[in-house]
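# Report on the structure
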Amino acid sequence: MMTAHAYRGYVFTIRYEPADPAHVVDFPDIPDVITSGSTLPEAFAHAREALDLHLESLQKLGLPLPEPRHRLVLETVGAE
């Protein structure tokens with residue numbers, strides 16, 4: 001199972017695997033940022049922390065931040 005989420009304008013996916021760590025996180029716009037968590041809340045927390053640290057490092061090095069190319073689209077589907 002895989003779900004998509006967004007944080008600070010960057011889309012990330014959380015993929016469930018039946019092995020430890022159970023939840024693997026990656027950012028399609030920033031392939032160098034990969035993290036994980038044993039639980040879903042832990043994976044969310046690690047995703048936010050990994051992205052924050054990566055962007056902070058780029059800023060300290062004077063490098064440009066990557067432009068988000070992916071976006072999360074939410075669609076409401078209602079019963080008619």
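Below: a short report on this structure. Just so you know, these numbers come straight off a predicted model, no measurement behind them.

Here six bridges tie strand β1 (residues 2–7) to strand β2 (residues 10–16), and the two strands are oriented antiparallel to one another. The residue of β2 that forms the bridge with alanine 6 is valine 11. Two successive antiparallel strands, β1 and β2, enclose a turn made up of two residues, where arginine 8 displays a positive phi of approximately 55°.

Once that is clear, we can look at the side chain of aspartate 29. Turning to its location among the elements, aspartate 29 is positioned in the loop between β3 (23–27) and β4 (30–37). The exposure class assigned to aspartate 29 is buried, which follows from its relative accessible area of 7%. Within the structure, aspartate 29 has its side chain in polar contact with the backbone nitrogen of arginine 69 (distance 3.0 Å). At 2.6 Å, the side chain of aspartate 29 and the side chain of histidine 70 are in polar contact. Not counting residues within four places of it along the chain, the set of residues in contact with aspartate 29 comprises Tyr10, Pro66, Glu67, Pro68, Arg69 and His70.

Glancing now at the pattern of salt bridges. Pairing is possible between side chains of opposite charge, provided their charged atoms come close. What the rule picks out here adds up to five salt bridges. Aspartate 52 is the partner of arginine 8 in a salt bridge, and the nearest nitrogen-oxygen pair spans 2.7 Å. Of the two residues, arginine 8 is situated in the loop between β1 and β2 and aspartate 52 in helix α1 (residues 40–60); the sequence distance between them amounts to 44 residues. Arginine 8 sits in the partly exposed class, given a relative accessible area of 47%. Aspartate 52 gets classed as partly exposed once you look at its relative accessible area, which sits at 26%. Linking aspartate 26 and arginine 15 is a salt bridge whose minimum nitrogen-to-oxygen distance equals 3.5 Å. Here arginine 15 lies in strand β2 and aspartate 26 lies in strand β3, a separation of 11 residues in the sequence.

What counts as what
- Residues numbered from 1 in each chain as written.
- Predicted model: local features only at pLDDT ≥ 70, side-chain atom pairs only at ≥ 80, totals over all residues.
- Heavy atoms only, no water.
- Pairing = 2+ DSSP bridges.
- Helix = DSSP H or I, 4+ residues; strand = E, 2+ residues; numbered from the N terminus.
- Buried < 20%, exposed > 50% of the residue type's maximum accessible area, 1.4 Å probe, protein only.
- Polar contact = N/O pair within 3.5 Å; in protein donor to acceptor, adjacent residues only side chain to side chain.
- Contact = heavy atoms within 4.5 Å.
- Salt bridge = Lys/Arg side-chain N within 4 Å of Asp/Glu carboxyl O.

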